[in-house]
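Working through the structure, step by step
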Amino acid sequence: MYPELFRIGSFTVQSYGFMILTGVLLAWWYMYRHTRVYKLGSEDISEFFLYGFTAVFVGGKLFFFLEDPMRYIKDPARMLESPGSGFVFYGSFLVAVPVFIWWFRKRKLPVLAMFDIVGAGGTLVHGFGKIGCLLAGCCHGKVCDPKWGIVYNHPKTHADPAGVPLYPTQLLDAALILGLFLVI
């Protein structure tokens, strides 16, 4: 579909990163609105997001590299090819949770109550991330009947195979995840 949203000179805005950023900003706003009861201000939430973003980035990249370590051992320069793409959700999750617990304890905040707020904010980030996946062409389903599928033809698509109808599982994922936000 549209792995690149637009270019400004040599700077390219990737659709996946843009959608993740949209989710992060909405999650920040949500957390800010719901943590006033704990007397957390915008600086506190910003600090939390800085630690959280770092943990999510490191965990997502680390697990991405661990999916095919020989590829990067043979050619370590490949690790730096696309710093804005190639993340694994569960890697982000597994690294971020202990960082969140540490930050909550450091601030003497109730861990479980804070995870209720973080869980809702996290659905925004992940749900918008799935829309980014749809735009970039990753995380799609199997080849399907043309009336149900999306065909990715952009030269920089992440879809494999490209040029054939694929189930848009990212849309279902996004709908379910954002629906969870409404339930939470």
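Residues numbered from 1 in each chain as written. Predicted model: local features only at pLDDT ≥ 70, side-chain atom pairs only at ≥ 80, totals over all residues. Heavy atoms only, no water.

Here's the deal with the environment of Ile177
With respect to the helices, strands and loops of the structure, Ile177 is situated in helix α6 (residues 169–183). Separated by 158 residues in the primary sequence, Ile177 and Met19 have C-alpha atoms spaced 14 Å apart. The residues contacting Ile177, other than those within four sequence positions of it, are Thr123, His126, Gly127 and Lys130. (Helix = DSSP H or I, 4+ residues; strand = E, 2+ residues; numbered from the N terminus. Contact = heavy atoms within 4.5 Å.)

Digging into the nonpolar core
Ranked by internal contacts, the top residues of the largest apolar core, which has 23 residues, are Met31, Phe48, Phe49 and Phe104. Put simply, the parts of the chain that give this core at least two residues each are α1 (15–34), α2 (42–67), α4 (89–106) and α5 (111–136). Among the elements that take part in this core, α5 stands out by supplying 7 residues, more than any other. (Core = buried A, V, L, I, M, F, W, Y, C linked by side-chain atoms within 4.5 Å. Buried < 20%, exposed > 50% of the residue type's maximum accessible area, 1.4 Å probe, protein only.)

As for the packing of α1 against α5
Following both chains from N to C, one finds α1 and α5 inclined at 165°, their axes separated by 7 Å at the closest point. Classified by the interaxial angle, the pair formed by α1 and α5 is roughly antiparallel. Where α1 crosses over α5, the handedness of that crossing is right-handed. Across the contact of α1 with α5, the residue classes break down as 18 nonpolar, 7 polar and no charged. (Axes fitted to C-alpha atoms, helices over the stretch in contact; angles between N-to-C directions. Parallel < 35°, antiparallel > 145°, perpendicular 65-115°, else oblique. Left-handed = near helix turned anticlockwise from the far one by under 90°. Nonpolar A, V, L, I, M, F, W, Y, C, P; charged D, E, K, R; others polar.)

Describing the packing of aromatic side chains
By the definition in use, this model includes 15 aromatic pairs. Centre to centre, the rings of Trp28 and Tyr32 are 5.3 Å apart; their planes meet at 5°, and the pair counts as stacked. Of this pair, Trp28 and Tyr32 both sit in helix α1, 4 residues apart, which is roughly one turn of the helix. Accessibility expressed as a relative area gives 25% for Trp28, which makes it partly exposed. Ring geometry for Phe48 against Phe104: centres 5.5 Å apart, planes inclined by 15°, an arrangement best described as stacked. (Phe/Tyr/Trp six-rings, centres within 6.5 Å; stacked < 30°, edge-to-face > 60°.)

Brief notes about unusual backbone geometry
With an omega of 15°, the peptide bond running from Asp160 to Pro161 counts as cis. Mapped onto the elements of the fold, Pro161 is located in the loop between β3 (150–151) and β4 (165–166). Despite not being glycine, Lys108 has its phi angle at roughly 55°, a positive value. By the secondary structure assignment, Lys108 is in the loop between α4 and α5. By relative accessible area, Lys108 is classed as exposed at 74%.

Considerations on the pairing of strand β1 (residues 4–8)
Summarising the sheet, β1 and strand β2 (residues 11–14) pair through 4 bridges and their orientation is antiparallel. Each bridged residue has a counterpart across the sheet, and for Glu4 the counterpart in β2 is Gln14. What sits between β1 and β2 in their antiparallel hairpin is a turn of 2 residues, with Gly9 showing a positive phi close to 65°. (Pairing = 2+ DSSP bridges.)

Let's talk about the pattern of salt bridges
All told, the structure shown has 6 salt bridges when counted by the stated rule. Across the salt bridge formed by Glu47 and Arg107, the nearest N and O atoms sit 2.9 Å from each other. On the criterion of sequence distance, the pair formed by Glu47 in helix α2 and Arg107 in the loop between α4 and α5 is long-range, its members being 60 residues apart. You can call Glu47 partly exposed: its relative accessible area is 24%. Residue Asp173 pairs with Lys130 through a salt bridge whose shortest N-O separation is 3.6 Å. Of this pair, Asp173 sits in helix α6 while Lys130 sits in helix α5, and the two are 43 residues apart along the sequence. The class for Asp173 is partly exposed, based on a relative accessible area of 27%. (Salt bridge = Lys/Arg side-chain N within 4 Å of Asp/Glu carboxyl O.)

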